[in-house]
Amino acid sequence: MLQLALRTLRYRAGLFVAAFLAVFFAAAIMMACGGLIETGIRTAVPPQRLASADVVVTGDQEYHDAGGDSDEPPILPERVHIDAGLADTIAALPGVRDTESFVFEGAPPPGTVDAIGVLAEPGVAVSELQERIDANLAAGTVTLVGDERGQAELREAKASGVTVMALAGVFTAFAILVSVFGVASMLGLSVAQRRRDLALLRAVGATPRHLRRLISRETLLLAVVATALAYFPGRFLGEFVFDQLTERGIAAAGLAFRQGWIPTVAAMAMAILAALAGAVGAGRRASRVKPAQALAEVSAEGGPIGRGRVLPAVLSLAGGIAMTIVTIAVVSGPLTPATAAPAVILLAIGFAVLAPVLTKVTTFAVQWPVRALGGVTGQLAVLNARGHGGRTAAVLGPVILLTAVSTGMLYLQTTNDEADRQAFAGNLVADAVVSTQDRFDPGLVHRINDLPNVAGASEYVDSVGFLEKPADSSPANEGWTLQGVTAEGAAATTPVQVTTGRLADLHGDTIAIGDEHAKTLGVDVGSTITLRMGDNTTLDVRVAALFTAPDGYDTLLLPADTLAAHTTEAHATRILVKADEGTDPGRLTADLTEVTSEVDGLTVTGRDVLLQEFNEQKTTANFAIYLMVVMIAGYAAITVINTLVSSMTARRREFGLQRLAGSTRGQVLRMAAVEAAILAFGGIALGTAAVLGILVPVSLKRLGSVLPAGSPWIYVSTAALTVLLTLAATLLPAWRATRGRPAEAALAVE
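Since we're looking at a predicted model, the values are computed, not measured.

Comments concerning the packing of aromatic side chains
Inference 1: A full pass over the atoms with the stated rule returns 8 aromatic pairs.
Inference 2: A ring pair is formed by Phe-24 and Phe-25, whose centres lie 5.3 Å apart and whose planes are at 80°; its orientation type is edge-to-face.
Inference 3: Feature note: the residues Phe-20, Phe-24 and Phe-25 constitute an aromatic cluster, connected by ring pairs.
Inference 4: The ring of Phe-623 has Arg-248 lying over it, and the distance from NZ or CZ to the ring centre is 3.9 Å.

See below:
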């Protein structure tokens, strides 16, 4: 069987090149995703100032008591300091040659430092020294060795690694789904086009087991070669994506890309398994025909859909519908894409798997206009699409997938972006912002509050914290947003309505929370709450006020100086100012400029600067999503081209017979163009229908509109690109297949 498989690969080179490319690109994408995941897990940061230290002692930036997945603890946003006295304790340990304390940013609280570098004595193993140091450390302090040492210098590295790993995990999940479909689709077409070969083998005595072994071995041989050759392109693609993430600040600049053997082997295994599953599934029917029926059934079309497609189609559609229901009924706000994006992918794949059924529906729907406009050529195109439904379905599926993934993911993101912008703008009540790079003068806020046209002014500090007592879980276990405010101006500069207590009482260790949140915790004004702050310290605060706020305002209010003491900068850098009703913005800016002109380093801007910063942050965060869409849509486009080229190349004999029967070369090419148009417009329509099931509910929920946000040119350009790809991938191989003499083409191997 191995020898026969090798000969089959040799004499069916065109078919296997197409299958080879499908596996090759799938493996490359999976390897790139695997490299990104390993990069996030390792969080390797080559040290700079700490390069001479063998072991680094620093604060643990992970919060392990958030209540979520213990393997994925949230990352604390502020610098976690450690006791400076640890340097003396560590220096007294056996095997320690020297210690040095470091401060990398800000001004740490007295008696604390950012990290301690430890130099081992000659001959002392680093691992042994690390164990000795660990035995003398309290909770919240960790030791780092190797490339992890740089994490102490680059505080953002840990959070950046988690972000890269999370994005890569989403990339991988979607890439696997799309790649498995693409590989299975291409190999299915390859096996279907060889039904005559398989039928002849059955007629001369081959058993179903023989055929399954033949298909498996030739596919395994092809897949092993394709995945091996995909190593370097996969690594290059992973590094390219990582560099793009780093360039836009999504990944920390000091983070190093890593791709070892584990993600490489895992990607190869997944690509090979996808290839084997696709080939075996596609060859199942051919291997089961009876020898006496084999030759008679070579050209016969099977049922509308094979049993092997029913289960994947049902599971994909059921999963997409379930995700849609969860998105509508459970998830809200910025978390919506977490369930809506998988729904897009699953619905798209479900429709693509049902291509054999949908092909018949599409052909039936377009047959009259095609016949009316195309005449005899249109008639032939309809007959071809109807008579070779399996071949048409193999091409229609990738077109559906390309359209659905591109338009669905892009419009889902633009819709959520617009909803988030509206929510941010609605919660932003300040009219002007005073900014500084240093500390504000203690009396500046009060002087601004005393201006005649000012309704209120407040310092602004932000961080993230966790509620420990009473025990509470934050949204996605990522912590609650903490906002520091000035008590006298808090009511005017925040979008809250006080129901109990007063915001003016926010002094010292106090807090204001939403009244519904307070009911959940069982607390009221005067109760004490224990917070885990962003620098990993605990703070007992008294509830000073309860309030109501717009949906999605998951924010806890604290005094600005109290919160600032637990941030890396340790002071406020902005003052938010709200003008009296009817005050001209220009007048407000002039008054603020007059007050602040006496102090160097202060700038006065309108609220637009905050909106602009939010938009920039969204653009940066969304870049990773758009990059993912490009990768997935790019693979789907490659699948469309690959499938069409393979399908049209295999029809050389058919075109030759058609020309011998009287058709001109131009008529054959026009017929192929009409077939391509049927596929393109049918795939676009079905792909659009697939994603409307999730886009419309999300748009209604988040924007109150049936139509999603985003430019219509997104859809127009995606549809135009799909049409161009389909026509080009059809006409170019058809033109090549009809170049020779009709008689020679009629004798060609199918």
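Topic: helix H24 (residues 712-737)
Inference 1: For H24, which comprises 26 residues, the first-to-last C-alpha distance of 38 Å matches the rise-based estimate of 38 Å (1.5 Å per residue) to within 8%.
Inference 2: Residues of H24 that are buried include every one of Ile-714, Thr-718, Ala-719, Thr-722, Val-723, Leu-725, Thr-726, Ala-729, Thr-730, Pro-733, Ala-734 and Ala-737, and no others.
Inference 3: The opening residue of H24, the one whose side-chain oxygen lies 3.0 Å from the backbone nitrogen of Trp-713, is Ser-711.

Remarks on helix H22 (residues 652-660)
Inference 1: Among all positions in H22, only Glu-654, Phe-655, Gly-656, Gln-658 and Arg-659 are buried.
Inference 2: Gly-662, located one to two residues past H22, shows a positive phi value of around 125°.

So, the nonpolar core
Inference 1: Among the nonpolar cores identified, the biggest contains 95 residues, and Val-23, Leu-36, Val-183, Leu-401 and Met-409 are the most heavily contacted of them.
Inference 2: Every residue in contact with Met-409, bar those within four places of it in the chain, is listed here: Phe-174, Ala-341, Val-344, Ile-345, Ala-404, Met-628 and Val-629.
Inference 3: If you look at the next biggest cluster of nonpolar residues, it comprises 39 residues, including Ala-457, Leu-467, Ala-518 and Leu-521.

Re the sheet that holds strand E3 (residues 96-102)
Strands pair in a sheet through their backbones, by hydrogen bonds, and they do so in one of two ways: parallel or antiparallel.
Inference 1: The antiparallel open sheet is built from 4 strands, whose spatial order is E3-E5-E1-E6. Single-partner strands in this sheet number two, and they are E3 and strand E6 (141-144). For this sheet, the mean angle separating the axes of adjacent strands, direction not counted, is 20°.
Inference 2: Of the pairings in the sheet, the one linking strand E1 (residues 55-59) to E6 comprises 4 bridges and is antiparallel in character. Counterpart to Val-57 in the pairing with E6 is Thr-143.
Inference 3: Lying on the sheet, helix H4 (residues 126-134) is in contact with E1, E3, strand E5 (115-120) and E6; it crosses E1 at an angle near 30°.

A few points about a nonpolar patch on the surface
Inference 1: Residues Trp-261, Ile-262 and Val-265 make up a contiguous nonpolar surface patch of roughly 370 Å² in combined accessible area.
Inference 2: In this structure, Val-265 sits in helix H10 (residues 261-288).
Inference 3: Given the relative accessible area of 44%, Val-265 is considered partly exposed.

Quick word on the packing of helix H9 (residues 231-247) against helix H21 (residues 608-649)
Inference 1: Packing of H9 against H21 leaves a shortest axis separation of 10 Å and a crossing angle of 155°. It follows that H9 is roughly antiparallel to H21 by the angle criterion. With respect to the hand of their crossing, H9 and H21 are arranged in right-handed fashion. Mapping the contact onto sequence places Leu-237, Val-241, Gln-244 and Leu-245 in H9 and Phe-623, Ala-624, Leu-627 and Met-631 in H21.
Inference 2: Across the contact of H9 with H21, the residue classes break down as 7 nonpolar, 1 polar and no charged.

Criteria and cut-off values
Residues numbered from 1 in each chain as written. Predicted model: local features only at pLDDT ≥ 70, side-chain atom pairs only at ≥ 80, totals over all residues. Heavy atoms only, no water. Phe/Tyr/Trp six-rings, centres within 6.5 Å; stacked < 30°, edge-to-face > 60°. Lys NZ or Arg CZ within 6 Å of the ring centre and 35° of its normal. Helix = DSSP H or I, 4+ residues; strand = E, 2+ residues; numbered from the N terminus. Expected span 1.5 Å × (residues − 1). Buried < 20%, exposed > 50% of the residue type's maximum accessible area, 1.4 Å probe, protein only. Polar contact = N/O pair within 3.5 Å; in protein donor to acceptor, adjacent residues only side chain to side chain. Core = buried A, V, L, I, M, F, W, Y, C linked by side-chain atoms within 4.5 Å. Contact = heavy atoms within 4.5 Å. Pairing = 2+ DSSP bridges. Axes fitted to C-alpha atoms, helices over the stretch in contact; angles between N-to-C directions. Patch = residues over 30% accessible without salt bridge, like charges linked within 9 Å, V, L, I, M, F, W, Y side chains within 5 Å. Areas by Shrake-Rupley, 256 points an atom, 1.4 Å probe, with all protein chains shown as cover. Salt bridge = Lys/Arg side-chain N within 4 Å of Asp/Glu carboxyl O. Parallel < 35°, antiparallel > 145°, perpendicular 65-115°, else oblique. Left-handed = near helix turned anticlockwise from the far one by under 90°. Nonpolar A, V, L, I, M, F, W, Y, C, P; charged D, E, K, R; others polar.

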